[in-house]
Amino acid sequence: VISRNFSTSVARAAIKNITVVGGGLMGSGIAQVSAQTGHNVTIVELNQDVLDKTHKSIQQNLQRFAKKAYKEKPQEGENFVSETLSRISTSTKIVDVVQDSDLVLEAIVENLSVKHKLFKSIDDVAPAKTIFASNTSSLSITEIAAVCKRKDKFAGLHFFNPVPVMKLLEVIRTPQTSDETYETLMAWAKTIGKTAITCKDTPGFVVNRLLVPLLAESVRMLERGDASARDIDIAMKLGAGHPMGPIELADYVGHDTTNSIINGWHEKFPENPLFNPLPTLQKLVDEKKLGVKTGEGFYNYK
Ligand code: CAA
Ligand code: NAD
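Residues numbered from 1 in each chain as written. Chains lettered and ligands numbered in written order. Predicted model: local features only at pLDDT ≥ 70, side-chain atom pairs only at ≥ 80, totals over all residues.

Enquirer: I'd like a description of the site of ligand 1, backed by residues and values.
Expert: Taken together, 16 residues lie near ligand 1, and Ser137, Phe160, Asn161, Pro162 and Pro243 sit nearest. Partitioned by chemical class, the residues of the shell around ligand 1 number ten nonpolar, five polar and one charged. (Near = placed C-beta within 6 Å. Nonpolar A, V, L, I, M, F, W, Y, C, P; charged D, E, K, R; others polar.)

Here it is in structure tokens:
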């Protein structure tokens, strides 16, 4: 008990100012949840246009939440939204904002060399105390951290879509991540209202290592013509209690994302049949039918 209390106070003291790099689907959710729980957040993006969109989507999400949570007290709801937004600032120049940052959390494009370029650009600039973390879905944290000197202050923080709703945070430690960094991040997870689990730096960590093969197997089932998409989804919802069926979930995650995870793992681990490429997913990606986000995937959302 003593050590847990200590950890929480360490986290509160240690992580107050957060830089979220990437204001897309995941970054905007991470920024929102962090600001809602009292952290000062700076979102860094490539240009102001994207930042404006990110800000607007966070505002809409907060308003939707406040409308329900403060149904009887609309004024308090408005205050909640404006106070949360006042803790969020934006920038296009990461080097300028990391000076005050306790945690730099990256949620940019899933590409090792782009992530390397980012972390390399701030390793010498950020204060020694600053923890770096990646929200990667499928890359190795050790490989991302390889370009940094602060390997003891580098870890994985893997969130789930939609971030404001999904209660899990995977905290990934590499062999170099220090106990202090790990403890601080585990305690920080609590302060943002998430339940943290720990995983070694293995492909897909816990959730994606189990979920991606499930999605892939359900697509293979479709390819074989064993059952229809709708029946596979109904089966897993009513027979296994999943909130979404695997075909629906594949549309929700996005076929570009799942396809690149599978192909990346296949390249690295060609002997594992669970990671074999999926012709159907490749075809959907080529046709830009990426799922919910483009209005069509296995199902039509238009
Ligand atoms: N942002 C904020 N809140 C949202 C939201 C969003 N994008 N989508 C839904 N919500 C909220 C709704 O407002 C609603 O809130 P209240 O309960 O307060 O009313 C609540 O979530 C439930 O939403 P709905 O009633 O609209 O729909 P639902 O009950 O079907 O739930 C769901 C939607 C939470 C997405 C649910 O279907 C679900 O859990 N699906 C599985 C999602 C999943 O597996 N995600 C992980 C994907 S893998 C991943 O992220 C890792 C990776 O690296 C690729
Ligand atoms: P996204 O495409 O919605 O957002 C990425 C954002 O990063 C874009 O807005 C882009 O403009 C910005 N960006 C790219 N390079 C940048 C740079 N150098 N500096 C600042 N901003 C930059 O992607 P996403 O779905 O939010 O995924 C982001 C990361 O989170 C990826 O590593 C992905 O694997 C991981 N992830 C995704 C999911 C998911 O379900 N989508 C779930 C968990 C983890």
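The discussion continues.
Enquirer: For the site of ligand 2, give the residues involved together with the corresponding values.
Expert: In the region of ligand 2, 24 residues are neighbours, and Gly22, Gly24, Met26, Ser137 and Asn161 sit closest. Secondary-structure elements contributing two or more residues to the shell around ligand 2 are α2 (25-36) and α6 (112-123). Looking at the shell around ligand 2 residue by residue, the class counts come to 13 nonpolar, nine polar and two charged. (Helix = DSSP H or I, 4+ residues; strand = E, 2+ residues; numbered from the N terminus.)

Enquirer: Talk me through the sheet that holds strand β4 (residues 103-106); I want residue IDs and the actual numbers.
Expert: Here we have eight strands laid out as an open sheet, ordered β3-β2-β1-β4-β5-β6-β7-β8, and mixed in their pairing. Edge positions in the sheet fall to β3 (88-91) and β8 (195-200), since each of these pairs with one other strand and no more. Ignoring strand direction, the axes of neighbouring strands in this sheet form an average angle of 25°. Across five bridges, the pairing between strand β1 (residues 17-21) and strand β2 (residues 40-44) is parallel. Bridge pairing in β2 links Val21 to Val44. Contacting β5 (131-134), β6 (154-158), β7 (168-173) and β8, helix α8 (residues 179-191) crosses the sheet at an angle of about 175° to β7. (Pairing = 2+ DSSP bridges. Axes fitted to C-alpha atoms, helices over the stretch in contact; angles between N-to-C directions. Contact = placed C-beta atoms within 7 Å.)

Enquirer: Got a sec to walk through the environment of Ser140? Specific residues and values, please.
Expert: Secondary-structure assignment places Ser140 in the loop between β5 and α7 (141-145). Given 18 C-beta atoms within a 10 Å radius, Ser140 is considered partly exposed. Here the alpha-carbon distance between Ser140 and Met236, two residues 96 residues apart in the chain, equals 30 Å. (Buried ≥ 20, exposed ≤ 12 C-beta atoms within 10 Å, placed from the backbone.)

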